[in-house]
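Here's the letter readout for the chains.
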Amino acid sequence: MKFIDEFRDKEIAEGLIQRIKKTSTRPVQLMEVCGTHTVAIFRYGIKGLLPEHITLLAGPGCPVCVTPNADIDLAIALSRQKDTVIVTFGDMMKVPGSTSSLQKEKADGRDIRIIYSSLDALKIAKENSGKTVVFLAIGFETTSPTIAVAILRAKDEKLRNLFFLDSQKRVPPALVALLQSKQLKIDGFILPGHVSTILGTKPYRFISEDFGRPAVVTGFEPLDILQGVWMLLKQIEDNRAAVEIQYRRVVHEEGNPTALSKIYEVFEDGEGHWRGLGLIPNSGYRFKDSYKEMDVRNFDVDVEPPKEHPECLCGEVLQGIKSPLECRLFKKVCQPENPIGPCMVSIEGTCHTYFKYQ
Amino acid sequence: MIMCLGIPGKIIEIEKNVAKVDVGGVSRDISLDLCPDVSVGEYVLIHTGFAIQKVDEEEAKETLDLLKQMAKAI
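Every value quoted in this text rests on a predicted model; they were computed, and no experiment measured them. (Residues numbered from 1 in each chain as written. Chains lettered and ligands numbered in written order. Predicted model: local features only at pLDDT ≥ 70, side-chain atom pairs only at ≥ 80, totals over all residues.)

(A) Spotlight on the overall build of chain A. Across its full length, chain A carries 15 helices and 11 strands. Its C-alpha atoms give chain A a radius of gyration of 21 Å, near enough to 21 Å, the size a compact globule of 358 residues would have. Structurally, chain A occupies a C-alpha span of about 65 × 45 × 40 Å along its principal axes. Looking at the 358 residues of chain A, the share that counts as buried comes to 53%. Taking contacts inside chain A between residues at least 6 apart in sequence as the whole, the part at least 24 apart equals 77%. (Helix = DSSP H or I, 4+ residues; strand = E, 2+ residues; numbered from the N terminus. Rg over C-alpha atoms; globule rule 2.2 N^0.38 Å. Buried ≥ 20, exposed ≤ 12 C-beta atoms within 10 Å, placed from the backbone. Contact = placed C-beta atoms within 7 Å.)

Encoded structure:
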């Protein structure tokens, strides 16, 4: 078993689609929180296979997209400091800040390097001991434990020149904000499979217990998504609300306790600034006292005041209240090669996905 | 890269907390810091150079069996 091809079986998919059609009797809006789900839904044409009265809404689950301009501007300002190296995941390079991007800064000669793993940041810091190395730490719970491991190792190895620009986000508080939104009606959540590998299901219980909505932690292959949708529809038709797991091969109720303990060894919950959703309590992290010396926000750097393109709808798209097709910039001015907003930059961004597959 | 992408890989060698894994015929080294209790021959989910969870083959089979039954019972 390779755990991929088996979950792309056409015959089983057809059977599941029939079952979905049989089960679903009323119009529903389901939100796939994770951008990786949005990509899979478009890639496999899943929207077109479902009955028309089932709407799938793309949510805010793209870490690159939700990173606010102020943090990108800070990274850019830091890159202009003497003897400073910025290390970042590749997707952040093209994201436009208020007046520049990391890619433009690199073209202008700043030392900005793309890494694949947080551990690469340690290697670069060791190789550049005379320089200040700043890791642009973005990501949801899937990535946060890997960043925590890098911080723990940096401390352990007494690396004095590695710092972190923390712009990580926690998913569950953002779901509270979406459920409280008056502009949006969500009948159920397709919950992110890999975030939940770390979190488990307990942090999502409020969805069913406080808001009476069903939620299903779902995998990313076509059969996973179809089964996840069917499980949500079944709950809705049975007038039930629970948090269930479809993606059982890697998600357990308790999550990954080792990974969670790494996160909370370094961080405690703090406020998070989300593009589109604004400031959400407890949706980010702050460094615990013993690791504060690695927080780059302690640096005294002049950063330009953040500004965004007035016509970019990325913020509304991230909340599921606007489709990229409603944006005047979409495809005409804003394209992957010339992105105006981050939702067009990231491979997981809703605008990028619409551009590629719609 | 896709930020929350996780791909399954088969462990072919373990040395301390680093595992050599096979991902679709390509071999790479990953950290086991977040998923220490694994053995050679098992599959793990890989994210940005880390194993983040063991892939449970029994659960995968059960899910597939259930899906086959569901598809047949229409």
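On we go from here.
(B) Structural context of the environment of Pro 172 of chain A. Residues and elements named next belong to chain A. Locating Pro 172 in the fold gives a position in helix 9 (residues 171–180). According to the C-beta neighbour criterion, Pro 172 is partly exposed, with 19 such atoms within 10 Å. Taking the C-alpha atoms as reference points, Pro 172 and His 252, separated by 80 residues in sequence, lie 17 Å from one another. Every residue in contact with Pro 172, bar those within four places of it in the chain, is listed here: Pro 203 and Tyr 204.

(C) Highlighting the sheet that holds strand 4 (residues 111–115) of chain A. Residue and element names in this part refer to chain A. Sheet architecture is open: 4 strands sit in the order 4-3-5-6, paired in parallel fashion. The sheet is open, and its two edges are formed by strand 4 and strand 6 (162–166), each paired on a single side. Taken pair by pair, the neighbouring strands of this sheet meet at an average axis angle of 25°, ignoring direction. Pairing between strand 5 (residues 132–137) and strand 6: 5 bridges, direction parallel. Considered in strand 6, the bridge of Val 134 is made with Phe 163. Sheet strands touched by helix 5 (residues 69–79): strand 3 (84–89), strand 4, strand 5 and strand 6. Its angle to strand 3, the strand with the most contacts, is close to 145°. (Pairing = 2+ DSSP bridges. Axes fitted to C-alpha atoms, helices over the stretch in contact; angles between N-to-C directions.)

(D) Looking closely at the pairing of strand 2 (residues 54–61) of chain A. All names here are of chain A. By the criterion of burial, strand 2 is predominantly enclosed, with 7 of the 8 residues buried. As paired strands, strand 1 (residues 28–34) and strand 2 are joined by 6 bridges and run parallel to one another. Bridge pairing in strand 2 places Val 28 opposite Ile 54.

(E) Local environment of helix 5 of chain A. All names here are of chain A. In terms of burial, helix 5 is a largely internal element, 9 of the 11 residues being buried. Along helix 5, the residues that are buried comprise Asn 69, Asp 71, Ile 72, Asp 73, Leu 74, Ala 75, Ile 76, Leu 78 and Ser 79. The elements touched by buried residues of helix 5 are strand 3, helix 6 (102–107), strand 4, strand 5 and strand 6.

(F) Quick look at the sheet that holds strand 1 of chain A. Residue and element names in this part refer to chain A. The parallel open sheet is built from 5 strands, whose spatial order is 2-1-7-8-9. Edge positions in the sheet fall to strand 2 and strand 9 (243–245), since each of these pairs with one other strand and no more. If you compare each strand with its neighbour and ignore which way they point, the axes differ by 25° on average. The sheet contacts of helix 2 (residues 35–43) involve strand 1, strand 2, strand 7 (188–192) and strand 8 (215–218), and relative to strand 1 the element is tilted by about 120°. With respect to the sheet, helix 12 (residues 222–237) is in contact with strand 1, strand 7, strand 8 and strand 9, its orientation differing from that of strand 8 by roughly 170°.

(G) Layout of the packing of helix 2 of chain A against helix 15 (residues 350–357) of chain A. Residues and elements named next belong to chain A. At their nearest, the axes of helix 2 and helix 15 sit 10 Å apart, and the two run at 10° to each other. Classed by the angle they form, the pair helix 2 and helix 15 counts as roughly parallel. Taken as a pair, helix 2 and helix 15 cross one another with a handedness that is right-handed. Judged by residue contacts, Thr 38, Val 39, Phe 42 and Arg 43 of helix 2 engage Thr 350, Thr 353 and Tyr 357 from helix 15. Residues belonging to the contact of helix 2 with helix 15 are distributed by class as follows: 3 nonpolar, 3 polar and 1 charged. (Parallel < 35°, antiparallel > 145°, perpendicular 65-115°, else oblique. Left-handed = near helix turned anticlockwise from the far one by under 90°. Nonpolar A, V, L, I, M, F, W, Y, C, P; charged D, E, K, R; others polar.)

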